[in-house]
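Reading the structure
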Amino acid sequence: MVHTMKLNEKPFTNIYSGVKKIELRLYDEKRSKITLNDYIVFQKTTDLSQTIKVKVVGLLRYNSFEDLFKDVDFNICGPANSLEEKLDSIHKIYSIEEEKKYGILAIRIEKV
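So, a few notes on the structure that sits alongside this text. Fair warning: this is a prediction, and the values are worked out from it, not measured in the lab.

Another aspect to go through is the pairing of strand β3 (residues 39-44). The buried count for β3 comes to 5 of 6 residues, which makes it a mostly enclosed element. Note that strand β1 (residues 2-7) and β3 share 6 bridges and pair parallel. Counterpart to Val 2 in the pairing with β3 is Tyr 39. In this structure, β3 lies alongside strand β4 (residues 47-62), joined through 6 bridges in antiparallel fashion. In the sheet register, Tyr 39 faces β4, and the bridge partner there is Lys 55.

Here the focus is helix α3 (residues 83-93). Buried within α3 we find Lys 86, Leu 87 and Ile 90. Taken around the axis of α3, the buried residues stretch over an arc of 95 degrees, which confines them to a single face. For α3, exposure combined with an orientation more than 90 degrees from the buried face picks out Glu 84 and Lys 92. Looking at the buried positions of α3, the neighbouring elements they touch are β2 (22-26) and α2 (65-71).

This part is about the environment of Ile 93. Mapping Ile 93 onto the fold places it in helix α3. Its relative accessible area of 54% is what places Ile 93 among the exposed residues. Expressed as a C-alpha distance, the spacing of Ile 93 and Ile 40, which sit 53 residues apart in the sequence, is 20 Å.

Along the chain, Glu 23 turns up in strand β2. On the basis of relative accessibility, which here comes to 3%, the residue Glu 23 falls in the buried class. Polar contacts involving the side chain of Glu 23 include one to the side chain of Lys 20, which spans 2.6 Å. Setting aside residues up to four positions removed in sequence, Glu 23 forms contacts with Leu 7, Ile 15, Phe 42, Leu 105, Ala 106 and Ile 107.

How each quantity is defined
Sequence order as written defines the numbering, with residues in each chain counted from 1. Under the rules for a predicted model, residues below a pLDDT of 70 receive no local features and side-chain atom pairs below 80 are neither given nor counted, while totals for whole chains, interfaces and linings still include all residues. Think of the side-chain values as coming from all heavy atoms in the structure, minus any hydrogens and water. Relative accessible area decides the class of each residue, using a 1.4 Å probe on protein chains only: under 20% of the type maximum gives buried, over 50% gives exposed, and in between gives partly exposed. In this description a helix means any DSSP run of H or I spanning at least four residues, a strand means any run of E spanning at least two, and both kinds are numbered starting from the N terminus. Note: two strands are recorded as paired if DSSP finds a minimum of 2 bridges between them. Throughout, the arc means the angular range of directions from the helix axis out to the C-beta atoms. The contact rule is simple, with two residues in contact once any of their heavy atoms fall within 4.5 Å. In protein, a polar contact means a hydrogen-donor-capable atom and an acceptor-capable atom, both N or O and within 3.5 Å, with residues adjacent in sequence counting only if both atoms are side-chain atoms; elsewhere, any N or O pair within 3.5 Å suffices.

Okay, structure coming up:
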């Protein structure tokens, strides 16, 4: 199955360059349909014609981003100077209430 998701410029560039190997999303209804070996086409939000296709090679579920980062180096989810900076950045996109409601899905990806 092929899924389509939008990404802001920085994470898009980080996936394109190979720095970002895990995409983080809430484990909502849409993301619950993702399975191993599916594909995701990421569209750059500032120019939807720019895309990156990746293969899903791993799926990790957590109750919170903090729990995730106890197991996974936060820098492979997009570089940051500190864990606090990474969590602040994520919570600008996903609220703590959404995080508690849905839980977290860490999607291990490989560019194709």
